[in-house]
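Residue-level structure breakdown
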Amino acid sequence: MQQEFILSAGKGDFFFGFHDLVAWNAGGDKLLALQSPDITVPPDPRVSCGVGYFDAAQQFHQLGSTYAYNYPQGARQQWIGETDTFIVNDRVGDKWGARIYDAGEDKCVSVLPVPAHVITDEGIAFGIDYARLFRLGGYGYTGLPDKQAHVHAPVDSGITKYNVYTGEESLLLSIATVANYRMNPSLGRHHYITHLLLNPSQNRLAFLHRYKLKDGGETTRLMTIGTDGSDLKCLATGFLSHFDWKDDAHIAIWGRTGSGIEKLRGSLLYKMMPAGLISNGKKVLKKLLYHGEKGAKAVATFNWLLLADVNDAVPALLAKDIITEDGHPMFCPVDRDWMICDTYPNQQGIRTLFLFQYSTQQKTTLGTYRMIDTKPDMKVAGALLKGVEEEVLKAFSPEQMAFTRSGLHCDLHPRWKRDGSLVAFDSIHEGSRLIYGYDVSSIIHANKNVLV
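Below or above, wherever it landed, is the structure these notes cover. As a convention, each chain's residues are numbered from 1 in the sequence order in which they are written. Only residues with pLDDT of at least 70 are given local features in this predicted model, and only at 80 or more are side-chain atom pairs given and counted; all residues enter the totals for whole chains, interfaces and linings. With hydrogens and water stripped out, all remaining heavy atoms of the structure feed into the side-chain values.

Notes on the sheet that holds strand E11 (residues 124-127)
Let me state the cut-off plainly: In this description, strands pair whenever DSSP reports at least two bridges between them. The secondary structure listing takes helices from DSSP runs of H or I that are at least 4 residues long and strands from runs of E that are at least 2 residues long, numbered from the N terminus.
With antiparallel pairing, the four strands of this open sheet are ordered in space as E10-E11-E12-E13. Pairing within the sheet leaves two strands with one partner each, and these edge strands are strand E10 (118-119) and strand E13 (169-174). By the bridge criterion, four bridges tie E11 to strand E12 (residues 158-163) in an arrangement that is antiparallel. Paired with Gly 127 across the two strands is Thr 160, which belongs to E12.

What follows is the structure, given as structure tokens:
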């Protein structure tokens, strides 16, 4: 079997982050990366993370630093169209903002008052409330308070829209508008928006709307909206996880909709019951509905779903009985018949990297990578969780929360090179957190349907 190779040469720990961004520039000779100060603890608001890129000779060019990062999603560093400029989130004064760097001049050329989660080729950036995300246990940034913590569905927090060339700024969509769309907002608490993702044509945004429930759980809604703020839709509600656009009109997502738990939560009885009684009732119902061996493979009601971009989409199955557990998918930018994905660690701590071709329903395993046994330094880590909502901290042990927020928890998060020849992924299997590459061109080109 062909082996992976290191892309982040040099001393230290390097990472990129999530599976939904292309890390290479248009020319394919520069790879964005972050250099971690200490992977054994969650991000420290007093300690910055290095920002830069690896060139074709695998030399790291550090252009700056950032305080706005987390290990699962990085600092949302991404190239702007076909230019050699890239945007990176950072703390700007007492707010989360962003900086733009020019890789040709190796310097910062602009400072923005708002952060960017995704950006179009034309330089229209869409951001979310990272202080709220951190407080509610999402992928936020450490160090700034959630100014709307007392409001369950704020009218002045949500998805921001910012033109990096003209400075035009607006609130594309408020959390309050989302919480009032096709539901009663009072049924949930602590509403928030996360996981923005542009469709291939960059005229629609997909995102997850999440909110806490009085039984202690959390519900997710997969939603979309036009980049002009029009045509808001709710595709599905339930346990919904990682996703990507299959094409401009369909989204592939891991999850479960219409379960017994969801039906209970939607019932009149649920709405009238006290919180304590609901919590106990949910535990009993779960035992009746879901039994047997633990793990994603044992829960038959979970699948990779293919949802049309319409309200209340009827789910089709993406890879029935082929991909049977959650992971981090990304469809190839130049041939969306191909998907790269990974798995969560199994009982031996091993993650698997694989390719999937939709037209043939074939899965090709590329490699397996074991997590290391090092645990977070709890003497330091505990203080770095300050500001997380009390009920979130009750749902997880401090050790578990510290581990998942540290650099020791390293999902592969595979992502494509723009031409479809190579994938990159983060891994810790050799003891350091590094960025690896895997040449998939021979596998892709062996199929006659390939477009690259």
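Things to note about unusual backbone geometry
A positive phi angle, near 60°, is found at Gln 202, a position not held by glycine. At Asp 312, a residue that is not glycine, the phi angle is positive and equals roughly 50°. The residue Asp 312 is located in the loop between strand E19 (303-308) and strand E20 (316-317) in this model.

Points about the environment of Val 151
The line we're drawing: Throughout, exposure labels follow a simple rule: accessible area from a 1.4 Å probe, protein chains only, divided by the maximum for the residue type, with under 20% read as buried, over 50% as exposed, and the rest as partly exposed.
For Val 151, the location among the structural elements is in the loop between helix H1 (130-135) and E12. On the accessibility criterion, Val 151 (25% relative accessible area) is partly exposed. The sequence separation of Val 151 and His 190 amounts to 39 residues, and the corresponding C-alpha distance is 7.5 Å.

Some thoughts on the side chain of Thr 352
Defined as follows: Two residues form a contact once any of their heavy atoms are found within 4.5 Å.
One can find Thr 352 in strand E23 (residues 350-357). Thr 352 sits in the buried class, given a relative accessible area of 18%. Other than its neighbours up to four places away in sequence, Thr 352 contacts Cys 341, Asp 342, Thr 343, Thr 365, Gly 367, Thr 368 and Leu 412.

A few points about the sheet that holds strand E15 (residues 204-212)
Strands in a sheet are paired, the pairing made by backbone hydrogen bonds, and the direction either parallel or antiparallel. On the basis of which strands lie adjacent, the open sheet formed by seven strands has the order E14-E15-E16-E17-E18-E19-E20 and antiparallel pairing. Lying at the two open borders of the sheet, with one neighbouring strand each, are strand E14 (189-198) and E20. Here strand E17 (residues 233-247) runs beside strand E18 (residues 250-257); their pairing, made up of seven bridges, is antiparallel. Looking across to E18, one finds that Asp 244 is bridged to Ala 252.

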